[in-house]
Amino acid sequence: MSEELIRACEQYVKTELAGAEGGHDWWHIHRVRNLALTIAKQEQANLLVVELAALLHDIADPKFHQGDEEIGPRKAAIFLNEQQVNGDISQHVLQIIRHLSFKNSFDKHHTFSSKELHVVQDADRLDAIGAIGIARTFNYGGFKNRLIYDPSIPPENYQNKEAYKNSTAPTINHFYEKLLLLKDGMKTTTGKELAAQRHAFMEQYLAQFFAEWDGER
Ligand code: ADP
Ligand code: NI
């Protein structure tokens, strides 16, 4: 039963994400699902909840839907309902999708928490750092036609979600505004271990980037 459900879910997500920006496409989902299942096994989390939430977590990112924050959970709810998924599992998956986003961590009223949320959140954030994280970030910057870097625009320490979302800063700033902060926010032991290595790689990358910036040899 759950084999069939997972296959149906994969198909649904692939269809929804056809044509998505390269950092938020099916392959992001594929990586997050695999990372999430690896972490879930270590942390003894509910595998069905984790896999469904990982598969459905980005079916309709508000960034690409005029800021509508309920569109993702709404579409996921319709899918889970059509598949006659058990109400407790379905509610848990929807809560995870609502609470996953880095930008929502600015909202103090977001109080939901569970082991499965922590697992999927760590997996999603691991895919934002390391070599893949670097590739996704520059892809997003290109998609938005942002500058790669401008030494006259320093990174900001965003205090709220609106300021973070409205930023049009150069892509390198995103490393300081988000990516380098993710390691310390990892929730699971396995997530922390995996993040340490990816974080070190980004630091090495940035050192090389600035060494090359002025075009000197
Ligand atoms: P969240 O929804 O948790 O805030 P996002 O979907 O915004 O996370 O971020 C996912 C990935 O998209 C980031 O890790 C990064 O690679 C890319 N991205 C998002 N915002 C920016 C940005 N302003 N500049 C460059 N990359 C970005
Ligand atoms: Ni994601």
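Since the model is a prediction, treat every value here as computed from it, not as a measurement.

Q: Sorry if this is basic, but what is going on with the coordination of the nickel ion (ligand 2) here?
A: Put simply, the ideal angle at a metal is 109.5 degrees for four donors in tetrahedral geometry and 90 or 180 degrees for six donors in octahedral geometry. Binding of the nickel ion (ligand 2) to the protein goes through His28 (NE2), His57 (NE2), Asp58 (OD) and Asp124 (OD), at separations of 2.1 to 2.2 Å. Angles of 83 to 174 degrees at the metal separate the four donor atoms of the nickel ion (ligand 2), which places the site in the irregular class. Read in sequence order, the donor residues for the nickel ion (ligand 2) give the motif H-x28-H-D-x65-D. Taken together, the residues His28 in helix H2 (residues 26-43) and Asp124 in helix H6 (residues 115-126) connect sequence positions 96 residues apart. A residue is classified by how much of its surface remains accessible, and His28, at 0% relative accessible area, is buried.

Q: I tried to follow the site of ligand 1 on my own but got confused; where do I start?
A: Taken together, 15 residues lie around ligand 1, and His24, Lys63, Phe102, Thr137 and Lys178 are the ones closest in. Here an oxygen atom of ligand 1 and a side-chain polar atom of Thr137 are 2.8 Å apart. In this structure, Arg146 approaches ligand 1 through a side-chain N or O atom, which is 3.3 Å from a nitrogen atom. When the free accessible area of ligand 1 is taken as 540 Å², the share hidden by the protein chains comes to 90%. Residue contributions to the shell around ligand 1 peak at three residues, all from helix H7 (residues 130-143).

Q: Hey, could you run me through the environment of Gly23 in this one?
A: Along the chain, Gly23 turns up in the loop between helix H1 (2-16) and H2. Along the primary structure Gly23 and Phe143 are separated by 120 residues, whereas in three dimensions their C-alpha atoms are 9.8 Å apart. When neighbours within four sequence positions are excluded, Gly23 is seen to be in contact with His28, Arg136 and Asn139.

The rules behind these values
- Residues numbered from 1 in each chain as written.
- Chains lettered and ligands numbered in written order.
- Predicted model: local features only at pLDDT ≥ 70, side-chain atom pairs only at ≥ 80, totals over all residues.
- Heavy atoms only, no water.
- Donors = N, O, S within 2.8 Å, 3.2 Å for Na, K, Ca; no water.
- Tetrahedral: all angles 85-135°; square planar, octahedral: opposite > 155°, others 65-115°.
- Helix = DSSP H or I, 4+ residues; strand = E, 2+ residues; numbered from the N terminus.
- Buried < 20%, exposed > 50% of the residue type's maximum accessible area, 1.4 Å probe, protein only.
- Near = heavy atom within 4 Å.
- Polar contact = N/O pair within 3.5 Å; in protein donor to acceptor, adjacent residues only side chain to side chain.
- Areas by Shrake-Rupley, 256 points an atom, 1.4 Å probe, with all protein chains shown as cover.
- Contact = heavy atoms within 4.5 Å.

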